[in-house]
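Structural characterization, general
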Amino acid sequence: LDPDEDVQVQVTFQATADEDYDSKLAIWVDGVQGEPAMDGTAQGCSSYLLTGQSCVPGINTVDLQTVFEEQFFTRTLEDAIALAGRLDVRVFSEADQIFHFGPVLVKERGVGSSQPASPTGSPPEFGVTENLRLTNPKAVPCKVQLS
């Protein structure tokens, strides 16, 4: 560089995997001699550490005990029934990769259909709602679509 001249240097980070990267950038000034500095660089050389983290959006699909943390989680449906001692168990079966809601009362449609009476006097509830935990362990947001 000529005296009082500056130049812009562009550095491009191209990630190839979902991981952390770092690289040392050294700027050498020709004609300056001397002993190496404490950081291992020669005199007349300035070094900078460049770091980058590549991120791929994602949802935890490996730790299924976290996804189904409010339900029984067993190897098989039969194991859950044996453990609970009844058939109406909501369980995730790891071997079958199935979430089982258990028996659910069908809502009848039409006028004049008879519904079972509730002990509280309120209309019976139909259907079963369960909470599943979707977790984003990554450093970037992601869009999720359930179908």
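Notes on the structure in this doc start here. Remember, it's a predicted structure, so these values are computed and weren't measured experimentally. Numbering of residues starts from 1 in every chain and runs along the sequence as written. Predicted model: local features are reported for residues with pLDDT of at least 70 only, side-chain atom pairs are reported and counted for 80 or more only, and whole-chain, interface and lining totals are derived from all residues. The basis for every side-chain value is the complete set of heavy atoms in the structure, and neither hydrogens nor water enter the calculation.

1. Focus: the sheet that holds strand E3 (residues 72–74)
Put simply, the test is: Each pair of strands is called paired provided DSSP finds at least two bridges between the two strands. Note on conventions: DSSP H or I runs of at least 4 residues are helices, E runs of at least 2 residues are strands, and numbering of each starts at the N terminus. Each axis is a line fitted through C-alpha atoms, and for a helix only the stretch in contact is used; angles between axes span 0 to 180 degrees, taken between their N-to-C directions. Whether two residues touch is decided by their heavy atoms; if any such pair falls within 4.5 Å, the residues are in contact.
One open sheet holds the three strands; their spatial order is E3-E4-E5, and the pairing between them is mixed. Edge positions in the sheet fall to E3 and strand E5 (98–100), since each has one partner strand and no second. Direction aside, the axes of adjacent strands within the sheet are offset by 20° on average. Strand direction decides the pairing type here: strand E4 (residues 91–93) and E5, joined by three bridges, are antiparallel. When the sheet's bridge partners are listed, Ser93 is paired in E5 with Ile98. Each of E3, E4 and E5 is contacted by helix H2 (residues 77–84), which is oriented at about 125° to E3, the strand it contacts most.

2. Some remarks on the nonpolar core
The criterion, for reference: Here the nonpolar core consists of buried residues drawn from Ala, Val, Leu, Ile, Met, Phe, Trp, Tyr and Cys, with membership extended through side-chain atoms lying within 4.5 Å. Burial status follows relative accessibility: with a 1.4 Å probe on protein chains alone, a residue under 20% of its type maximum counts as buried, one over 50% as exposed, and anything between as partly exposed.
Within the largest apolar cluster, six residues are counted, these being Leu64, Val67, Phe68, Phe73, Phe92 and Phe99. Apart from the residues within four sequence positions on either side, Phe92 is in contact with Leu64, Phe68, Phe72, Phe73, Thr74, Gln97, Ile98 and Phe99.

3. Notes on the pattern of salt bridges
Quick note on the threshold: One speaks of a salt bridge when a side-chain nitrogen belonging to Lys or Arg is within 4 Å of a carboxyl oxygen belonging to Asp or Glu.
Inspection of the entire model under this criterion finds five salt bridges. Taking the shortest distance from any N to any O, the salt bridge between Arg90 and Glu130 comes out at 3.2 Å. Taken as a pair, Arg90 in the loop between H2 and E4 and Glu130 in the segment after E5 lie far apart in primary sequence, 40 residues in all.

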